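Listed here are the chains, written in short residue letters.
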Amino acid sequence: VSILGYSELLIADGEQLPGERVVEMAQCINRAGQRLHHLVENLLIYAQIEVLRVTPERVKALRRLQYAYPRALLKHLAEEKAQQVGRSADLGLYLNDVEAVQIIEDNLRKIVAELLDNAFKFSRPGTPVQVSTFTENGHYILQISDRGRGMTAEQIASIGAYTQFDRKFYEQQGAGLGLVIAKHLTELHGGWLHIESQLEVGTTVQAALPLATTPS
């Protein structure tokens, strides 16, 4: 709607509009294009995951791959996202490092990006978003906590593709794919994703990835 509406206004009346108004419309078109790009990307990734999940030999090959010293990447992604949404002051980082985890870089980036996006999207500016990591039972665990609107136990249990909660009360962009993509990518690499949440209190998500047994 934004892309078509604003572009049609520019085509029809662009020559008569003041320059600052044209820039404002172009910015709206760009933001809408970015949202559309993210949606299409997630749809494609979800389709690829569904194919992978029923191909055991490809899953086995995927789990042999690893990413070394993930702390620097996690720090960069968290700081970049906080800056993008104007909430650098809300970000708390408590990150340790390990020699290697059982995942490829693109999938690690996607998991972190989607979890950070949810944490900032569903919490108010001025409230903390904490990103921490630790090791436990042979896993490197990424934990992201916010003090946002939270979810009920029933909502957590029903999380799936194309699921968005309370959309009639909250404006949301997308198709509800981000969290399920993060969950499935974590599981593809032999890990797990766990959510703890309390309505109107906040949410903590843990994504656990196996430590590489023979780092290279």
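Being a predicted model, the structure only gives us computed values, none of them experimental.

1. Side note on empty space enclosed by the protein
Taking a probe equal in size to a water molecule and rolling it over the atoms shows the remaining empty space.
Moving on, step 1. By the definition in use, this model includes 1 cavity of 30 Å³ or more.
Moving on, step 2. Approximately 60 Å³ is the volume attributed to the largest cavity.
Moving on, step 3. If you trace the largest cavity, you find it lined by Leu74, Leu108, Ile111, Val112, Tyr140, Leu142, Thr186, Ala207 and Leu209.
Moving on, step 4. Those elements giving two or more residues to the lining of the largest cavity turn out to be helix 5 (105–121), strand 5 (139–146) and strand 7 (202–210).
Moving on, step 5. When residues in the lining of the largest cavity are grouped by element, the largest group, 3 residues, is from helix 5.

2. Describing the environment of Gln206
Moving on, step 1. For Gln206, the location among the structural elements is in strand 7.
Moving on, step 2. Each C-alpha atom of the pair Gln206 and Thr186 lies 10 Å from the other, and the pair is 20 residues apart in sequence.
Moving on, step 3. At 2.6 Å, the side chain of Gln206 forms a polar contact with the side chain of Gln143.

3. Some words on unusual backbone geometry
Moving on, step 1. Phi angles above zero are rare outside glycine, and Tyr69 is one such case at about 45°.
Moving on, step 2. Phi angles above zero are rare outside glycine, and Glu200 is one such case at about 65°.
Moving on, step 3. Within the secondary structure layout, Glu200 lies in the loop between strand 6 (192–198) and strand 7.
Moving on, step 4. Given the relative accessible area of 53%, Glu200 is considered exposed.

4. Overview of helix 2 (residues 19–53)
Moving on, step 1. In a regular helix each residue adds 1.5 Å, so 35 residues correspond to 51 Å; helix 2 covers 51 Å between its end C-alpha atoms and thus fits that length.
Moving on, step 2. The complete set of buried residues in helix 2 reads Met25, Cys28, Ala32, Asn42, Ile45, Tyr46, Ile49 and Leu52.
Moving on, step 3. The inward-facing, buried residues of helix 2 contact helix 1 (2–13), helix 3 (56–62), helix 5 and helix 7 (178–188).

5. Concerning the sheet that holds strand 2 (residues 91–94)
Moving on, step 1. Pairing is mixed in the open sheet, where 5 strands are placed in the order 2-4-5-7-6. Each having just a single partner strand, strand 2 and strand 6 make up the two edges of the open sheet. Between one strand and the next, the sheet's axes are offset by a mean angle of 15°, whatever the strand orientation.
Moving on, step 2. Contacts from helix 7 reach strand 6 and strand 7 within the one sheet, and its direction differs from that of strand 6 by about 145°.

6. Side note on the confidence of the model for the protein chain
A low pLDDT score tells you not to read the predicted coordinates there in detail.
Moving on, step 1. The predicted model of the protein chain averages 89 in pLDDT, with 91% of residues at 70 or higher.
Moving on, step 2. Of the regions scoring below 50 in pLDDT, residues 161–175 engages in 35 contacts with residues more than four places distant in sequence or in other chains.

7. As for the pattern of salt bridges
Moving on, step 1. Per the counting criterion, the structure on display carries 10 salt bridges.
Moving on, step 2. The salt bridge partner of Arg109 is Glu105, with a shortest N-O separation of 3.0 Å. Of this pair, Arg109 and Glu105 both sit in helix 5, 4 residues apart, which is roughly one turn of that helix.
Moving on, step 3. The class of Arg109 is partly exposed, set by a relative accessible area of 32%.
Moving on, step 4. Under the relative-accessibility criterion, Glu105 is labelled partly exposed at 32%.
Moving on, step 5. One network of salt bridges, in which partners are shared, links Glu41, Lys110 and Glu114.

About the cut-offs
- Residues numbered from 1 in each chain as written.
- Predicted model: local features only at pLDDT ≥ 70, side-chain atom pairs only at ≥ 80, totals over all residues.
- Heavy atoms only, no water.
- 1 Å grid on protein atoms, 1.4 Å probe; cavity = no way out; pocket = protein on both sides within 12 Å on 5 of 7 lines; lining within 4 Å.
- Points joined across faces, edges and corners; volume = space filled by probe spheres on them.
- Helix = DSSP H or I, 4+ residues; strand = E, 2+ residues; numbered from the N terminus.
- Polar contact = N/O pair within 3.5 Å; in protein donor to acceptor, adjacent residues only side chain to side chain.
- Buried < 20%, exposed > 50% of the residue type's maximum accessible area, 1.4 Å probe, protein only.
- Expected span 1.5 Å × (residues − 1).
- Contact = heavy atoms within 4.5 Å.
- Pairing = 2+ DSSP bridges.
- Axes fitted to C-alpha atoms, helices over the stretch in contact; angles between N-to-C directions.
- pLDDT = per-residue confidence, 0-100.
- Salt bridge = Lys/Arg side-chain N within 4 Å of Asp/Glu carboxyl O.

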